[in-house]
Each structure stands twice: as structure tokens, then as C-alpha cells.
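# Working through the structure, step by step
These are the residues of each chain, in order.
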Amino acid sequence: MNRPLVIGNWKMNLDYVEAVHLTQQIGVIVKNKPLEHVDLVVVPPFVDIRSVTSVVESERIAVDVGAQHASVHDAGAHTGEISVSMLQRLNVKWILVGHSERRAMYAMTDEVVAQTLRAVVRQGVHAVLCVGEELDVRRDDGHLDFVTAQLHAALEGLDEKWRPLVTIAYEPVWAIGTGLTATTEQVRDMTEHIRAVAASLSLGEARVLYGGSVNADNAASLISEGRVDGFLVGGASLKADSFLAIGQAAHDCYAGKR
Ligand code: PGA
């Protein structure tokens, strides 16, 4: 098992005042009970990032800050977009790439996902590539092929030097924000599949996360039986205690296996 990574994707929630408050709460809890075996990342909306990084830096909180998306372009006439270099200036270390909400609602094609991933890693920022099937694909038993195609589209031909910056998050669309978590068997089967595909693309070292209705109650079994390297958490990351309970489950699993 790789060192676990637990990422809180705040999506379009929390204004900058609320974001600062949540960051401070996270800081208090991790100072009292450090999770030394886990990498923690919070991913606020763009407009909160500066405030969150200021709190993290001034209070020396052991979390990294990420972003939910970035432009494929570095600068120029792209109204409404934010570039990787702008995020990097804010000390953003992680960027989500191809989250299913962006693929479905903002027409992010496999091609744009591949370009975005390259734009991110070229700047030395970690890319969290999100993959996962819709419910009808799962019902037709096409989920493995579907995810294979997404991985190939995004990762094929990626220059060797950028590969260590890639993390893969398996997020079945039917489990996101629905309270319907994938079973530990479904997670384990897909995780093994993703590891095999990643290895065939020379990315065998990449961490593989699970996301989709992860909470404080199911995290321990998902990480130990699902054999993932951590989680991408949405709803349960909006409260410090549930987010860090998930971090604690990952921490305990890793500590127990070492
Ligand atoms: P959820 O979201 O935990 O609320 O299901 C996960 C995600 O979209 O990353």
C-alpha cells in the first residue's frame, strides 16, 4: 500500500469566510491528533484559495491546498478560466482533472482532460485524474472497458518525467453525492484493474483513490478491503470532524499494514 492520500473536494460550497473557518477547525484537530501517515489535501473553490493558504501557512497546518480545475491555456483571452501558473503562485500543489461533474456539465471531453493533465504536470503540480462510469455502463457490465478507455485517453504517451505527479481517482458517477457507495468488492476489483492498466502505461506507482459517498463510517472498510491508497471526498469533507475521521481511518489502515 502506498502512503494514503485523502483529498477533500469542497466543490462549489463555502465562501471565503466559511472556508477559513473550516480550515481553522481542521488545523485545531490535526494539531491535537496529527495524522503522520496520511497526506491531507483540501480543495476549495478558486476564490477561497488565497485565504485558505494564508491560514494553512500562518498556522502551519499539515494540509496541502488544491484546486478543482484549471485551464489548458497558460494565459490570454479565455474569459472565466484560471491557469495552472496562477494557481501555482498561490501555492496550490494538487489539481483535480476531469472530475465527472466537469465532464458531464461543462463538456470536458477526454481530449481536454488529456490536455489539462499535461498543463498541470508540466508546471510540476500534482494531477488527480478522475475516472468512473455512469450507472447504465455498470449495469451493462462495461465499467472496466469504460475506465480503461478513460485512462488511455488521458495518460497514453505521457512523458516519463511527469508520471510521478499523477494520482488516479476512481469515482463511479452513480456513487457521487448519492449516498450509494460502491461495495468494497466493486472498489477492489476496479482498483486492481486500474493498477494493471496504469502499469501497462508505465504508471504502476500511481496512487489509486476511491471517491463516491465516502464517509466516516465506510472509510475503514473501503480502504482496507477496497485496497485503495486513499479517498477523494465530497460531502463529508465539508465538516472537519467527518473529513478527519476519514483521514484517521486511512492513517490507521496504513499504520497497521506497515
Ligand atoms: P461525494 O463526492 O463524496 O459527495 O460523493 C465525491 C466527489 O465528487 O469527489
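Please refer to the structure placed before this passage.
These numbers were taken from a predicted model, which means no experiment stands behind them. Counting restarts for each chain: residues are numbered from 1 in the order of the written sequence. Reporting of local features is limited, given that this is a predicted model, to residues whose pLDDT is at least 70; pairs of side-chain atoms are given and counted only at 80 or more, and all residues count toward the totals for whole chains, interfaces and linings. In computing side-chain properties, one takes all heavy atoms of the structure into account and sets aside hydrogens as well as water.

### Brief notes about the sheet that holds strand β5 (residues 126-131)
By the convention used here, strands pair only if DSSP detects at least 2 bridges between them. Per the convention used, a helix needs a DSSP run of H or I reaching at least four residues, while a strand needs a run of E reaching at least two, with both numbered from the N terminus. Ordered by their spatial adjacency, eight strands build a closed barrel running β1-β2-β3-β4-β5-β6-β7-β8, and the pairing between neighbours is parallel. Going from strand to strand, the sheet's axes swing by 25 degrees on average, the running direction of each strand aside. Both strand β6 (residues 166-170) and strand β7 (residues 207-211) contribute to a ladder of four bridges, which runs parallel. Residue pairing in the sheet places Tyr 170 in a bridge with Tyr 210 of β7. Lines fitted to C-alpha atoms define the axes here, with helix axes fitted over just the stretch in contact, and angles between the N-to-C directions of these axes take values from 0 to 180 degrees.

### Observations concerning the nonpolar core
Ile 26, Leu 155, Tyr 210 and Phe 231 are the most contacted members of the largest nonpolar core, which has 72 residues in total. The biggest single contributor to this core is helix α10 (residues 240-257), with seven residues. Not counting chain neighbours up to four residues away, the residues in contact with Tyr 210 comprise Tyr 170, Pro 172, Ala 175, Thr 181, Ala 182, Val 187, Leu 222, Val 228, Gly 230, Phe 231 and Leu 232. Nonpolar cores were defined as sets of buried Ala, Val, Leu, Ile, Met, Phe, Trp, Tyr and Cys residues, with membership established by side-chain atoms within 4.5 Å. A simple rule labels every residue: compare its accessible area, found with a 1.4 Å probe on the protein chains alone, to the largest value its type can have, and call it buried under 20%, exposed over 50%, or partly exposed in between. Counting residues in hydrophobic clusters, the runner-up holds eleven residues, among them Leu 5, Val 41, Val 43 and Cys 130. Contacts: residue pairs with any heavy atoms within 4.5 Å of one another.

### Description of the pattern of salt bridges
Here, a salt bridge means any side-chain nitrogen of Lys or Arg that lies within 4 Å of a carboxyl oxygen of Asp or Glu. Applying the stated criterion across every chain, the model contains nine salt bridges. We note a salt bridge from Asp 39 to Arg 3, for which the minimum N-O separation is 2.8 Å. One end of the pair, Asp 39, is in strand β2 (residues 39-43); the other, Arg 3, is in the segment before β1 (5-9), and 36 residues separate them in sequence. Taking the relative accessible area as the measure of exposure, Arg 3 reaches 31% and is therefore partly exposed.

### Focus on the packing of helix α7 (residues 143-155) against helix α8 (residues 184-200)
Running from N to C, α7 and α8 point in directions that differ by 35 degrees, and their axes come no closer than 10 Å. Along this stretch, α7 crosses α8, giving a crossing that reads as right-handed. The residues of α8 that touch α7, namely those facing His 143, Leu 144, Val 147, Thr 148, Leu 151 and His 152, are Met 190, His 193, Ile 194 and Val 197. Lys, Arg, Asp and Glu make up the charged group, whereas Ala, Val, Leu, Ile, Met, Phe, Trp, Tyr, Cys and Pro make up the nonpolar group; the residues left over, Gly among them, are polar. For the contact of α7 with α8, the residue count by class is six nonpolar, four polar and no charged. Helix crossings get a hand from a simple test, with the near helix turned counterclockwise from the far one by less than a right angle marking a left-handed crossing and a clockwise turn marking a right-handed one.

### Here we look at the packing of aromatic side chains
Put simply, two rings from Phe, Tyr or Trp (the six-membered ring, in Trp's case) pair if the centres are within 6.5 Å, and we call them stacked under 30 degrees between planes, edge-to-face over 60, tilted for the rest. Inspection of every chain in the model, using the stated rule, returns one aromatic pair. Plain terms: the ring middles of Tyr 170 and Tyr 210 are 6.3 Å apart, the flat faces sit at 55 degrees to each other, and that makes the pair tilted. Of this pair, Tyr 170 sits in strand β6 while Tyr 210 sits in strand β7, and the two are 40 residues apart along the sequence. Overall, the relative accessible area of 1% leaves Tyr 170 in the buried class.

### Looking at the side chain of Ser 100
Mapped onto the fold, Ser 100 is located in helix α4 (residues 100-105). The buried category is assigned to Ser 100, whose relative accessible area is 13%. The residues contacting Ser 100, other than those within four sequence positions of it, are Val 173 and Ile 176.

### Some words on the pairing of strand β8 (residues 230-233)
Here β8 shows a buried face lined by Gly 230 and Leu 232 and a second buried face lined by Phe 231 and Val 233. As judged from the four bridges shared by β1 and β8, these two strands associate in the parallel manner. Of the residues in β8, the one forming a bridge with Leu 5 is Gly 230. Sheet analysis places β7 next to β8, joined by two bridges and oriented parallel.

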